[in-house]
Structure formats: structure tokens, C-alpha cells
Amino acid sequence: MVRRTLSIPDAAPLTGPTMTRFLLAAAVAAAVTAAARPRPPAPVRHAVEAKDARRVVGVLTYHVTCPELRAKEWLVYAAAPELPGQTKVKTTLAPAGKAGKESGPPPRPLVVAKVPATTADLQTTIPIRVTYEATLRARTLVELPPDAVAPKVAPLPAAERKLYLAENGDIDFRHETVQKWLRDEGLVRTTEDEVAFARTVLRRLRDRMTYTYAADLDRRASAVCAAGRSDCGGLAVLFVAALRASGVPARALYGRWAASAVPDATLGGAAYLQWHVKAEFFAAGVGWVPADPGGAVQHDRTPGGLTYFGTDPGDFITFHTDPHLALDTGTTGVRPVRNLQTPVWWVTGRGPTTPTRVVEDWKVEAK
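Residues numbered from 1 in each chain as written. Predicted model: local features only at pLDDT ≥ 70, side-chain atom pairs only at ≥ 80, totals over all residues. Heavy atoms only, no water.

Across its full length, the protein carries seven helices and 19 strands. In the protein, which comprises 367 residues, the share counted as buried stands at 44%. Counted over contacts in the protein with a minimum sequence separation of 6, partners at least 24 positions apart contribute 75%. (Helix = DSSP H or I, 4+ residues; strand = E, 2+ residues; numbered from the N terminus. Buried < 20%, exposed > 50% of the residue type's maximum accessible area, 1.4 Å probe, protein only. Contact = heavy atoms within 4.5 Å.)

In C-alpha cells:
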């Protein structure tokens, strides 16, 4: 038998910037590993009380005109899922849409309409009308008395838990900037239960962040914590990123307030039609707990800083969870979309889509 010996040269010592990068990478890896490690179950001290608040119908009209276009076919997408904060959801799209799913992951539910341009008007214009019907639920997080028996809450299914702990899109919690910000702010979970840790995160955002809005904001968690400011979308994403980094399942909720658009209302100099982004997180034995980081940063001046934590009066319609969808457009392939707070459309044909004119309105009524 011939034995061969593998000679390994001495490793060069790590110094200076190399050592710094090595230690930072090791710290990030250790934090991610610790967050993913199962924790022993803690006594359940909270419950979410929920009841139907009202049934509403929201009608979104979104008429698109491209005068220089000669369309052959339009594709239109809209969405609205069943969630703890909204049940008996029905989404209809005109032109007639069919139920579908995005290319994902996750494969979020969609309504998709394929509209051939069979008239002269349809060659330049697509009139879109999306009707959202839902029973909105009021939810309140309550602390249980010491002798109370907590209601039984099923654990989050493994696939959903994996999904809502993942790093994806704007939720880039493994980024060096986010990891450093979490350490500097003391937002690395140790022994706290999910509710206590999420409460700390929301308070820290309320105290450290500034609300600002611009259409072209960079809403990645890494950009938000570096800038120290963002709008409801960026603040919800950072809240979700901070929780996922410490092993707490969380998701951002994209939609609109369940109230009609106010004529001439503006935000950042542009027309405002009730867009908003909230969040919720899953606490073991408690369920999905609502939070509104944008509302906390913009409006909460109370000493406790928890006006927008653990409470949802049932005044919001969620169109989808988390940013960044992948929509299969057929002939033009799978296309990325940041959100579906307005219907998304694609068109095939001849001529440019610019200039594009959009006439939009949002009306909500009780049913």
C-alpha cells in the first residue's frame, strides 16, 4: 500500500482589514445561526382577541392610456389574500380576470386578466376596475392574568415559518449594515419571547427613525437603517428584517386604508390614494400579532411608544404580503414587481407606451 501525505502550508496570519472582514463575517454567521436555532418554549403570557369589525367593498379604478401605442394584447394583475386581519375575501377584476398565482416563491394568489385589443379604444387604452370585498377583523393583543389558561393556537406550519424567516428582496437582514445596526441598537434577541422582542424593535424604530416619503426611496432594510429615515414601506421592511434576523417570523402587509380617497390629497407632492404598508409577526402560542411601524414613527408621541403595537381596528385592506413579486407575462417572461398596491399591466403590440396617462380612484363602502 502506498501512502501519500498531504502537506498543508502554514496559514498567513490575519491582520488589519482582513482580520476585520473575517471577524465581521463570523459575527454575521453566528447571529444568523443563533436566530435559526430552536428555542425552548416559553410560557404563553399573551393572546390576540379578534372579532369581525365590518364588511367592506373597495373599488379601485385605474384607467391607462398610451396614445402612441397600437396594442395587440393587455395583461392585468391584481391580488388580495385571506389573512388573520381579513376573511371571506373576494377579488374581482374587470376586464374579466381568472384566479392564478405568481411565479414566486412564495406563490402568492393573483387575479389575472388577458385582454385582446379587439376594438380601436383597446389599442390605446385599458380601463381597469378591481373590486375587493372582505370582512375586516379588529385584533388586540392582551396580556393574560397569571392564572389564565392561554387559548390554543396552532404552530406556524414549517413551510410558512421558513418563508417568513427568509431573507429576500428588500428584507436583506444578513447585510453587514443591518447586522451592525442591530448590534448597535441592542436588537439581537437573547432570552425574550417574540412579543417582548417585537415590542422592543417597534419602540426603537419609533425613537430612532424619521418618517419621510419620496416615490424613488430605497426601501431595502440596509438602506433604511443607514439613512435613519423612510416611509411606511421602508419602516415595515426594517421591522420585519429585524424580527427575522432574530428568528421571529414576520411579514409586511401591502394595501390601502379601508377609506375612500380624499379629493386633492397629496403625499410628497403627488396624489395620495390611501396606500399604506403595515406588518405582523408570529408569536408561538399567540398567533399573528399586528403592528404598524410607519404609524408609530410618524404619529406616536406617547411615553410608552406602543400605540401602534398589537392593535388593529380593522381599517385596512391587505393586497399582498411582502414586497417583490414575480409575474409571468407569457411572451415577455417572468417580470419582477415591487408591489401590487396598484394593478400592474403589460402590453404587447406596436409603438411606445410613453407618454402614459393614468386616471386612478379608490372608493370604499360598507356592505
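There is more to say after this.
Owing to its 3.6 residues per turn, the α-helix brings residues three or four apart onto one side. Helix length check: helix α4 (residues 194–208), at 15 residues, gives a terminal C-alpha distance of 21 Å against a target of 21 Å (1.5 Å per residue), a fit within 8%. Among all positions in α4, only Glu-194, Val-195, Ala-196, Phe-197, Ala-198, Val-201, Leu-202, Leu-205 and Arg-206 are buried. Packing partners of the buried residues in α4 comprise β1 (46–65), β6 (125–143), α3 (176–184), α6 (232–245), β12 (275–283) and α7 (293–299). (Expected span 1.5 Å × (residues − 1).)

Right, let's talk about the confidence of the model for the protein for a bit. Confidence along the protein averages 90 in pLDDT terms, with 89% of residues attaining 70 or more. The low-confidence segment residues 1–15 (pLDDT under 50) makes two contacts with residues lying over four places distant or belonging to another chain. Scored below 50 in pLDDT, residues 17–26 shows four contacts in the model against residues more than four places distant or in partner chains. (pLDDT = per-residue confidence, 0-100.)

Turning our attention to the nonpolar core. Counting residues in hydrophobic clusters, the biggest one holds 42 residues, and the most contacted among them are Met-209, Phe-239, Leu-243 and Phe-281. If you list the elements that add at least two residues to this core, you get α3, α4, α5 (221–227), α6, β9 (250–257), β12, β13 (287–291) and α7. No other element matches α6, which puts eleven residues into this core. With residues up to four places along the chain from it excluded, the contact list for Phe-281 reads Glu-194, Val-195, Ala-198, Phe-239, Leu-243, Val-248, Pro-249, Ala-250, Gly-287, Trp-288, Val-289 and Phe-309. Listed in part, the 31 residues of the second largest apolar core include Val-76, Ala-80, Ala-258 and Ile-317. (Core = buried A, V, L, I, M, F, W, Y, C linked by side-chain atoms within 4.5 Å.)

Glancing now at the environment of Thr-119. By the element assignment, Thr-119 lies in the loop between β5 (109–116) and β6. Distance from Thr-119 to Ala-71, taken between C-alpha atoms, is 9.9 Å for residues 48 residues apart in sequence.

This part is about the pattern of salt bridges. Throughout the structure, instances matching the rule amount to 21 salt bridges. In this structure, Glu-102 engages Arg-108 in a salt bridge whose closest nitrogen and oxygen atoms are separated by 2.4 Å. We note that Glu-102, like Arg-108, is buried. One salt-bridge network, held together by shared partners, links Arg-139, Arg-251, Lys-278, Glu-280, Asp-312 and Asp-315. (Salt bridge = Lys/Arg side-chain N within 4 Å of Asp/Glu carboxyl O.)

What follows deals with the environment of Tyr-132. Following the sequence through the fold, Tyr-132 ends up in strand β6. With sequence-adjacent residues up to four places away left out, Tyr-132 is seen in contact with Val-56, Val-57, Gly-58, Leu-60, Ala-78, Ala-79, Ala-80, Lys-90, Thr-91, Ile-317, Phe-319 and Trp-362.

This part is about the packing of aromatic side chains. Tallied over the entire structure, the rule returns ten aromatic pairs. With a centroid separation of 6.0 Å and 65 degrees between ring planes, the pair formed by Tyr-132 and Trp-362 is classed as edge-to-face. One end of the pair, Tyr-132, is in strand β6; the other, Trp-362, is in strand β19 (residues 357–366), and 230 residues separate them in sequence. Across the pair, exposure class does not vary: Tyr-132 and Trp-362 are buried alike. Ring geometry for Trp-257 against Phe-316: centres 5.7 Å apart, planes inclined by 75 degrees, an arrangement best described as edge-to-face. Of the two residues, Trp-257 is situated in strand β9 and Phe-316 in strand β15 (residues 316–321); the sequence distance between them amounts to 59 residues. On the basis of relative accessibility, which here comes to 6%, the residue Phe-316 falls in the buried class. Among the aromatic residues, those joined into a ring-pair cluster are Tyr-132, Phe-319 and Trp-362. A cation over an aromatic ring shows up here: Arg-251 above the ring of Tyr-164, its NZ or CZ 5.0 Å from the ring centre. (Phe/Tyr/Trp six-rings, centres within 6.5 Å; stacked < 30°, edge-to-face > 60°. Lys NZ or Arg CZ within 6 Å of the ring centre and 35° of its normal.)

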